[in-house]
Amino acid sequence: MKKDRFITERFQIGRRQIHWFLFAVTASALLVRLMVAYATVHHYDLNYYVNWSAGVNQNLFGAYNRIESLDYPPLFLFPLFITGKLMTLPLVGEIQGLQMLVLKGWQILFDTATIPLIYAVLHRESRLLAAAGAALWAVNPTVIVNSSYWGQTDSIMLFLLALSFWLLNERRPVVSGIVMTLACLMKFQSLYFAPIFALFLLTKFSPKRIAMTIGAGAVTGLTVFMPFMAHSGWKLPFEIYLGGFAQYQDASLNAFNYFTACGLNMKHSSGLLLGGISADMVSAAVMVLSVVMLSFLYFTATEKSPWLLCFLFIQTIFMFTTRMHERYQIPAVLFSLLACLHHRSRELFVSYLAVTAVTFLNHFLVLEYVLSGKAMPGFFEVICVLMSYVNLFVYMMTVYHTVRLLYRYGHFHFAGAFKCVLPERWRKYVPDYKNRQSSHKL
């Protein structure tokens, strides 16, 4: 016992040990993801990538004219160009497992890169907590299923979003703006985080740096879009973003949210709810109210945390707006992990576990029947409704604990809080951090 106590007291985690641990976790996670990708041969949604990569190889910048099913923003077409080249190799054509690695490769690489990124985001709080966060992401079942089993591109978007808000937190707004623009050029869903990014950008930096950030983002967007617009016309950005949103007209697409709980899963978004109100009307109202709620919380709360606000906002959007797929809750997994470790909250850690469990089951149930080729049984809808009520409970728990953390240092009057939009040298806006409550620590 004395020997064990002596070893425990002398044991310290240094930078070198952490780096070796991070290397081991990242390498192990990459091998697991590659193994899962190689072993799970299917073409559900991956057929799109096969067709897109072939079309991109024929004419990269004219791809939108040649490929009817192409509804992604243009950034993903550049890695797809390399994917198309690899798909033409004879060895890849002969071995289905290699085809899976090629088609899921970019998703796996960015998912794996998120592991050291999480450590970088959290390491100033605690190297031990940062290493724990990286390890939790390495073994998170939802992200492994999403990127390695299914082959979806959500992991690329998550990496760019986390990197963007980290850079913004590190007071590097110009680079952060470029990365946020790249995230929006990668997936439409990144636009949901634009209001949060705008609030932090407009209230924490000087007018000069704000202008530089907006300019850098605009230049990045035009640089990526212009070659494609030269072939497909100046309306291309509107056709991609507005057309992609209008493509799915269902209130819910197997998502565990409010509309599925109301019996509108895979039904048109014009479907009526209680009182003769359509799902689209509820969705539009929630979208507006969510931005208002976000602004109110930001200006009045003393804990202005991008991780907390991103977690709460995307949870609200997923639960109460239409056209949500089962995959669209996955950003909540990342931001709940970052929030609970950054703020050392036991309650939010439980929320992270709950969101992980719900999103994993949502992925699993859909893939179970789609990939097996079986028709959706009658009890599938019953499970979706029940799990939607569970997810609504998780959401309420999320709101309660997130708001508590946002206001744990007190609050500001809403009108007075608008001082924070002034240039920094004119502000007198310093929250009182003296009364930090230890009850929120892990």
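Residues numbered from 1 in each chain as written. Predicted model: local features only at pLDDT ≥ 70, side-chain atom pairs only at ≥ 80, totals over all residues. Heavy atoms only, no water.

Visitor: Hey, could you run me through a nonpolar patch on the surface in this one?
Guide: On the surface, a nonpolar cluster with roughly 240 Å² of combined accessible area is contributed by Ile82, Leu86 and Leu89. Residue position: isoleucine 82 is located in helix H5 (residues 77-87). Note on isoleucine 82: relative accessible area 41%, which makes it partly exposed. (Patch = residues over 30% accessible without salt bridge, like charges linked within 9 Å, V, L, I, M, F, W, Y side chains within 5 Å. Areas by Shrake-Rupley, 256 points an atom, 1.4 Å probe, with all protein chains shown as cover. Salt bridge = Lys/Arg side-chain N within 4 Å of Asp/Glu carboxyl O. Helix = DSSP H or I, 4+ residues; strand = E, 2+ residues; numbered from the N terminus. Buried < 20%, exposed > 50% of the residue type's maximum accessible area, 1.4 Å probe, protein only.)

Visitor: What is the right way to read the pattern of salt bridges from this model?
Guide: Two side chains bearing opposite charge may form a pair once their charged atoms approach each other closely. In the structure shown here, the tally under the stated rule is seven salt bridges. When the shortest N-O distance is used, the salt bridge between aspartate 154 and lysine 187 registers 3.2 Å. Here aspartate 154 is found in helix H10 (residues 154-169), whereas its partner lysine 187 is found in the loop between helix H11 (173-186) and helix H12 (194-204), with 33 residues between them in sequence. Given the relative accessible area of 4%, lysine 187 is considered buried. The salt bridge partner of arginine 323 is aspartate 280, with a shortest N-O separation of 3.3 Å. One end of the pair, arginine 323, is in the loop between helix H17 (306-320) and strand E2 (324-325); the other, aspartate 280, is in helix H16 (residues 279-300), with 43 residues separating them in the sequence. Residue class for aspartate 280 comes out partly exposed when judged on its relative accessible area of 26%. The structure contains a network of salt bridges with shared partners spanning Asp154, Lys187, Glu326 and Arg327.

Visitor: Looking at this model, I keep getting lost on the nonpolar core. Mind explaining?
Guide: In globular proteins that are soluble, nonpolar side chains generally tend to be buried together. Ranked by internal contacts, the top residues of the largest apolar core, which has 117 residues, are Leu77, Trp137, Phe165, Phe193, Ile196 and Phe335. Each residue touching phenylalanine 165, except ones within four places of it in the same chain, is listed here: Met180, Phe193, Ile196, Phe197, Pro306, Trp307, Cys310 and Phe335. By size, the runner-up hydrophobic cluster in this structure holds five residues, among which are Ala251, Phe259, Leu264 and Ala279. (Core = buried A, V, L, I, M, F, W, Y, C linked by side-chain atoms within 4.5 Å. Contact = heavy atoms within 4.5 Å.)

Visitor: Can you help me understand the packing of aromatic side chains in this one?
Guide: A ring pair, where both rings are aromatic, is described by two values, the distance of the centres and the angle of the planes. Inspection of the entire model under this criterion finds 27 aromatic pairs. Arranged with centres 6.4 Å apart and planes meeting at 55 degrees, the rings of phenylalanine 225 and tyrosine 241 form a pair that is tilted. Placement of the pair is phenylalanine 225 in helix H13 (residues 207-232) and tyrosine 241 in helix H14 (residues 236-247), with a sequence separation of 16 residues. Grouping residues by exposure puts phenylalanine 225 and tyrosine 241 together as buried. One aromatic cluster is present, formed by Tyr48, Tyr49, Trp52, Tyr72 and Phe76 through successive ring pairs. The ring of tyrosine 298 has lysine 304 sitting right over it, with the charged end atom 4.8 Å from the ring centre. (Phe/Tyr/Trp six-rings, centres within 6.5 Å; stacked < 30°, edge-to-face > 60°. Lys NZ or Arg CZ within 6 Å of the ring centre and 35° of its normal.)

From the geometry alone we can't say anything about function, so treat these as descriptive.
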